[in-house]
Amino acid sequence: MSESPSVAEGPSVPVIALCEGESEAWRATAPPLERGLAGPDFKGRTGQVVIVPGPDGAPARVLLGLGLAPGDPAAFRTLAGRLPAGRFRLEGTPGGLAPLDAAIAFALGLYRFERYRRRETAPPTLEIQGADPAAVAGIADACALARDLINTPANDLGPAELEAAARDLAGRFGADISVICGDDLLAGGYPAVHAVGRAAAAGREPRMIEITWGEAGRPLVVLVGKGVVFDTGGLDLKPSASMRLMKKDMGGAAHALALGAMILQADLPIRLSILVPAVENAVSGGAMRPGDVLSTRKGLTVEVGNTDAEGRLILADALTRAGELAPDLTLDLATLTGAARVALGPQLPPFFTDDEDLAAAIEAGARRAFDPVWRLPLWKGYAASLESDIADLKNDPDAWAQAGAMTAALFLQKFAPHGPWAHFDIYAWNPRGQPGSPAGGETHAIRALFAMLQDRYG
């Protein structure tokens, strides 16, 4: 996360947060100026913000709508995007909203990508009694890491730079890291990762990154993240409109590193492995071709029907590696299919698992962290669409199946470890900028997963 400019010293400005239904009681005792500025439309709806000026024109009080009781913490994210520079404090604990949830939302709302253009004014600060600053920073900084990586264009974030980010994370927390790069992937047993990434230019060779941390004897959690730093579509070239945002196709890797950062910062009593196959799906004379049959680490052969369905190929090798580690739990995150966006849009990521207990735990974590997810089925009726005439399976399903997110998940399931496993098909992008939620890289599901892991192992 970028360093925040210093905020001028001075008395903090009170923030009054009201749920819907509380506005009338507030009006009965509020000063006339505040009532007038709020106007009749201030009903305490989520994200309504009224800044009451003092005699010098500077903010003297702020009104914030929280929506229906117990209140929506998303209002604090909006607040972060609406406040000017200065020091603010939340008066009391509104409704039944936990101070930590409000503080995390406010911190997330402060994010700006500043690698190429610095913000012109200092960000505001908000004091919230009862919120642990270390817990807030652990989550907000991890999310900022993911968003910074996603927002960075491919000319400055290739496989080597993604490796550098992984090495930085490992170094900060004393974790071990190993990397297999280029043609060594063939000898190392990652033929699908090599096939997808071999067409990239010198210096942008494919690689398999593995971070390990934790004491022996603890349960092992494996995080797998798709690390396609740019996706041209390969020889099945994407049209320009579809290629425009493909710098974000490493969003799964960014999410795996960010969730790993949360786990490491909290020192959860587990062992952790983070697996990131990092490639560029480029076009050259060495690129894989439609019709090629690829080997995989598991030994299954895959017919390439479409070179633009490359993410599942590199995840196949990584998930096989995850199974070799005998994990207690495996979670993979990937910007995998447009079909997931057609089904649920950009704000609601689907996940897939056949483990009912794990599904319930993920959904409980999502509710607790205010980080929504939605379960979709691993519908076995579509598995036949992945059958190949000449190989064990193919990477592009038959058109009759239609359900692209489900067929992609069914492909991954053939390589997933035994035991609890869940696959998340994330978007990693916010297409609509709003106060506290700038357009660009966004995190999905990892706060939910962190809450689930805290409940499961904490």
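Quick caveat: nothing in here was measured; it's all calculated off a predicted structure.

Reading the values: the criteria
- Residues numbered from 1 in each chain as written.
- Predicted model: local features only at pLDDT ≥ 70, side-chain atom pairs only at ≥ 80, totals over all residues.
- Heavy atoms only, no water.
- Salt bridge = Lys/Arg side-chain N within 4 Å of Asp/Glu carboxyl O.
- Helix = DSSP H or I, 4+ residues; strand = E, 2+ residues; numbered from the N terminus.
- Buried < 20%, exposed > 50% of the residue type's maximum accessible area, 1.4 Å probe, protein only.
- Axes fitted to C-alpha atoms, helices over the stretch in contact; angles between N-to-C directions.
- Left-handed = near helix turned anticlockwise from the far one by under 90°.
- Contact = heavy atoms within 4.5 Å.
- Nonpolar A, V, L, I, M, F, W, Y, C, P; charged D, E, K, R; others polar.
- Phe/Tyr/Trp six-rings, centres within 6.5 Å; stacked < 30°, edge-to-face > 60°.
- Lys NZ or Arg CZ within 6 Å of the ring centre and 35° of its normal.
- Pairing = 2+ DSSP bridges.
- Polar contact = N/O pair within 3.5 Å; in protein donor to acceptor, adjacent residues only side chain to side chain.

Chemist: I keep staring at the pattern of salt bridges and nothing clicks. Help me out?
Modeler: Side chains that differ in charge, positive against negative, can pair when their charged atoms come close. By the definition in use, this model includes 28 salt bridges. The salt bridge partner of Glu 280 is Arg 204, with a shortest N-O separation of 2.5 Å. With a gap of 76 residues between them, Glu 280 in strand 10 (residues 271–281) and Arg 204 in the loop between helix 8 (191–197) and strand 7 (207–213) connect regions that are remote in the sequence. On the basis of relative accessible area, Glu 280 is assigned to the buried category, the value being 13%. For Arg 204, a relative accessible area of 17% corresponds to the buried category.

Chemist: Looking at this structure, I do not really get the packing of helix 10 (residues 251–266) against helix 15 (residues 446–457). What am I missing?
Modeler: Any two packed helices are characterised by how steeply their axes cross, that is the angle between the axes, and by the distance between the axes. Where helix 10 contacts helix 15, the two axes come as close as 10 Å, and the packing angle between them is 35°. Note that helix 10 runs across helix 15; the crossing there is right-handed. Of the residues in helix 15, those touching helix 10 at His 255, Ala 258, Leu 259, Met 262, Ile 263 and Ala 266 are Ile 446, Arg 447, Leu 449, Phe 450 and Leu 453. Taken together, the residues that form the contact of helix 10 with helix 15 break down as nine nonpolar, one polar and one charged.

Chemist: How should I be thinking about the packing of aromatic side chains in this particular structure?
Modeler: Both the distance between ring centres and the angle between the ring planes are used here to describe each pair of aromatic rings. Overall, the coordinates contain four aromatic pairs when judged by the stated rule. Between Phe 351 and Phe 424 the ring centres are 5.4 Å apart and the planes differ by 20°, which places this aromatic pair in the stacked class. Remark: Phe 424 occurs in strand 17 (residues 421–425) and Phe 351 occurs in strand 14 (residues 350–352); sequence separation between them is 73 residues. Judged by relative accessible area, Phe 424 falls into the buried class, the value being 0%. Aromatic pair Phe 411 and Phe 415: ring centres 5.4 Å apart, planes at 40°, arrangement tilted. Considered together, Phe 411 and Phe 415 belong to a single accessibility category, that of buried residues. Above the plane of the ring of Tyr 190 lies Arg 297, whose end atom (NZ or CZ) is 4.2 Å from the centre.

Chemist: Quick question: what am I supposed to make of the sheet that holds strand 16 (residues 393–394) here?
Modeler: The strands making up a sheet associate through hydrogen bonds between their backbones, and the pairing can be parallel or antiparallel. As summarised here, the arrangement of the three strands in space is 11-12-16, forming an open sheet in which the pairing is mixed. Sheet topology places strand 11 (293–295) and strand 16 at the edges, where each strand pairs with a single neighbour.

Chemist: I would appreciate a short explanation of the side chain of Arg 321 in the present structure.
Modeler: Looking at the element boundaries, Arg 321 is found in helix 11 (residues 311–324). Take Arg 321: its relative accessible area is 19%, and that puts it in the buried class. At 3.0 Å, the side chain of Arg 321 and the side chain of Glu 210 are in polar contact.

Chemist: Looking at this model, I keep getting lost on the environment of Ala 451. Mind explaining?
Modeler: When you line up the elements, Ala 451 lands in helix 15. A relative accessible area of 4% means that Ala 451 is categorised as buried. Sequence separation between Ala 451 and Ala 170 is 281 residues, and the spatial gap between their C-alpha atoms is 22 Å. When sequence neighbours within four positions are dropped, the list of residues in contact with Ala 451 reads Gly 365, Arg 368 and Ala 369.

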